[in-house]
Every structure is written in C-alpha cells, then in structure tokens.
Amino acid sequence: MHGGRAAGCVIGTLAAVLLIAGPASAGPAAASRQAPARVPAAAALPAPVPCSTSAGSCWQPPVVATWQYQLQGSVNSSGQCLYPGTGFINTAVTGTSFATGQQVAPTVFDIDIYQDGKCYTPNNYGVLNSAAVSALHAQGDKVIGYIDAGTAETWRPDYPQYSSFNTSCGGCLLGKPVGGFRDEFWLNINTNVSGINPNTGQTETAQQFILDELSARLDKAKSAGVDAIEFDNVDAYQNKTGLTISAATQEQFDAAIANLAHSKGFRVGLKNDLGQAGDLQPYFDFAINEQCWQYNECNYPPPGLQAWPGTYGKAVFNVEYKLATSKFCPQANSPSYNFNSILKNVNLYDVPYSPCR
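In this numbering scheme, every chain counts its residues from 1 along its sequence in written order. Reporting in this predicted model follows two pLDDT cut-offs: at least 70 for local features of residues, and 80 or more for side-chain atom pairs to be given and counted; totals over whole chains, interfaces and linings ignore these cut-offs and use all residues. To get the side-chain values, take all heavy atoms of the structure and skip hydrogens and water.

### Regarding the sheet that holds strand β8 (residues 184-187)
Counted only if it meets this: Any two strands between which DSSP finds at least two bridges are classified as paired. Think of it this way: any DSSP run of H or I at least four residues long counts as a helix, any run of E at least two long counts as a strand, and we number them from the N terminus. An axis is simply a line fitted to the C-alpha atoms; with a helix, the fit covers only the stretch in contact. Between two such axes, the angle follows the N-to-C directions and lies from 0 to 180 degrees.
Spatial ordering of the open sheet is given by β6-β8-β7, a layout of three strands whose pairing is antiparallel. The two strands at the open ends of the sheet, each matched to only one other strand, are β6 (151-153) and β7 (174-177). Sheet twist, expressed as the average angle between the axes of neighbouring strands with direction ignored, equals 35°. Sheet analysis places β7 next to β8, joined by two bridges and oriented antiparallel. Following the sheet pairing, L174 is matched in β8 by L187.

### What to know about the side chain of D232
Note the following rule: Exposure is judged per residue with a 1.4 Å probe applied to protein chains only, and the accessible area is read against the type maximum: over 50% gives exposed, under 20% gives buried, and values in between give partly exposed. What qualifies as a polar contact is a pair of N or O atoms within 3.5 Å, subject to a donor-acceptor requirement within protein and to the restriction that residues adjacent in sequence count only when both atoms come from side chains.
Here D232 is to be found in strand β11 (residues 228-232). Residue D232 is classed as buried on the basis of its relative accessible area, which comes to 0%. A polar contact of 3.0 Å, which involves the side chain of D232, links it to the side chain of K271.

### What to know about unusual backbone geometry
Of note, the amide linkage connecting Y300 to P301 takes the cis form, showing an omega dihedral of -5°. Turning to its location among the elements, P301 is positioned in the loop between β13 (286-290) and α6 (307-312). Going from V351 to P352, the amide bond is cis rather than trans, its omega being 5°. One non-glycine residue, N272, lies in the positive phi region at around 50°. Structurally, N272 is set in the loop between β12 (267-271) and α5 (277-280). Residues other than glycine seldom take positive phi values, yet N338 does so here, at roughly 60°. When you line up the elements, N338 lands in the loop between α7 (329-333) and β15 (340-343).

### Details of the pairing of β12
Let me state the cut-off plainly: Note on handedness: a crossover is taken as right-handed if, strands pointing away from the viewer, the path from the first strand over the helix to the second is clockwise.
In terms of burial, β12 is a largely internal element, four of the five residues being buried. With three bridges connecting them, β11 and β12 associate as parallel partners. Following the sheet pairing, I229 is matched in β12 by V268. Considered for its hand, the β-α-β crossover made up of β11, helix α4 (residues 247-263) and β12 is right-handed. Strand direction decides the pairing type here: β12 and β13, joined by three bridges, are parallel. Looking at β13, one finds that K271 is bridged to I288.

Okay, here's the thing in structure tokens:
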C-alpha cells in the first residue's frame, strides 16, 4: 500500500475494503463491514514448501520487533521528496514508545521493492529500492519487501505484460478497478481461463501467468536485497472484483505464492485475510495486519492471529490508522497477544510514527 498503490484489505469474510488510492495518495478507507466468519478450507491445498536456505537467507522476523511501514517516499511540508540517497525512505525515523515514553527506532522496515516513482521528474517507477535496503542493512535493520500479488497496477514496469496477457484472452485477466481507482485492477487468479504469456509465447492459465510474473518480481526483490516478502491483495474473494473467485481458489493461490517465495529463499507474511489465517498459517512465516484492533478482529475467527506469536512463534506486525495508542497498545503489548503494533495514518509516509513497543 502506498501512493501509487491501491490495496484491498478485507478481514475475515468481512465486506469491508480498506483501500489505498492511486499515485496521489494512499491508505485504506473503511467500507461497510459484516460480522466475520470462518472461511471454509479449500478442497485441496499444495503441501507447504520449506524455505530454501540454498536460495536465500530465509530470515525469520523475531516475534518481538519494532517495525516501520513506509510505502510512499518521504516528503516535506511542500510535498517535495526527501532522502534521495536512501530511495526516499527515512532510515533514521524514530517514534515515542507508548510503553516507555522514550524515542525508539524500528529494527524492521516494510517498504516497496521499488522506489516511489513520483519522486522523479519525469515519474519513474522502475528503480529498485536497493539504496534503502543497503542503508538499512548497514545499520543492522531488516527489510520486508512489498509486492502486490492480487492486483495489476498500471504504473508498474511489468504492467505491459499483464495487459498483453489480458488482450490475448479477451479480457479474462483484469477485473474491476480496486475501490473504483482507475489505475489498479483486480486479477483473475483462476485456472479455468487461459491466455498467451508474452514473455514465452506459451499458452497458460491466468493463475500460472500471475505466478510467473510474481516469480520475476521475487527475483527483483532478491536483486534489491530485501530479507522477506509481503504479498498484498490476497483476499480478492471478499471484494467486488468483477470476477468469480471462490474462497477455495483464494486459499490455494495464497498457499501457492507462499510456496513460491519459500522456493526463492524468502520468508513471507500473510496480509490480512483473517478468515483463512488458520488454514494458511502453515504456509506463512509472519502476519501483517491492518486495523484488527479497530474492528475487534485480532483473535477472530478464534484463535485468530492471537495464536501466532505464542503458539507458532510467528510475529504479527499490526498497523492502526484511527485509534489512539491508548486504545490498543496495552493489549497489543500484553503477553496474551504480543503483537508489534504501531499507529500511522493511511498515507504511509515515514511520519507520523507511533510504536507501541
């Protein structure tokens, strides 16, 4: 999620969609919500693939870690981009800890694998964020690389490939714009439609084409040097996509992309999709969640994400956009949850930044 990115974030089988606007702004906008319910498991999921230590570091985020979520380039009060030497990422950001009242620095940064293209004149969304990663590694921090898995964004360098496949199959690949934004489209993750992969000239299913594109994006992430992966928009089945995507297909696709990341030596985080978190827990190594405290969903459907740190030893990185820190930090910091929670606003610039830890 960032400026230049729209992200659909629906929790459980909620009808809420947390959206990020296009290149000018970013952040989820809550829509109508229904009571969460457990989503039935897919009929058959692939076997979990262990993370390949021969392909990469397989860095596992620690359960307790202060994190930063920055998906737009830092800007000053005039809207000019800051920190060009570190890919417009504020690598020295600190915030006041709710727990201690002291200034603390994050040790885990979640950033896009590409620099914010609007910081260039003319815009350039094809520059890998290697500078930020290198600077963060130099100060001992780790980096989660953001990759959009479930939508096609028109400003991405590989978008022409998505468009070509979509043309070859008579429009089968691209669904409705995300949240009505005209520059990002839901993807058809089904296996019952096919087109031509423009990179190979071969006929393949829509899902296989997407997996091929994600494989190439993971290679870019490796080139940038990130330590782990966040795949966004992995809950299409709960959104108004203009496509027919079942919960079972979504779960199978999410398991497949986790296995793909593991095959390339990356640990991978489950983004939202709380209704399938129980089934998908064996495939994912940590969780990234938006606003579960605001919507009282951090342990729903039970045991929910609450079980991940204590039962499975997997970190939960949570961001809230509306609540005061006093409304969620005490519970997030408690031994019964042990979440890494922060408060930001929906733009996901470097600041504001208020960590619970």
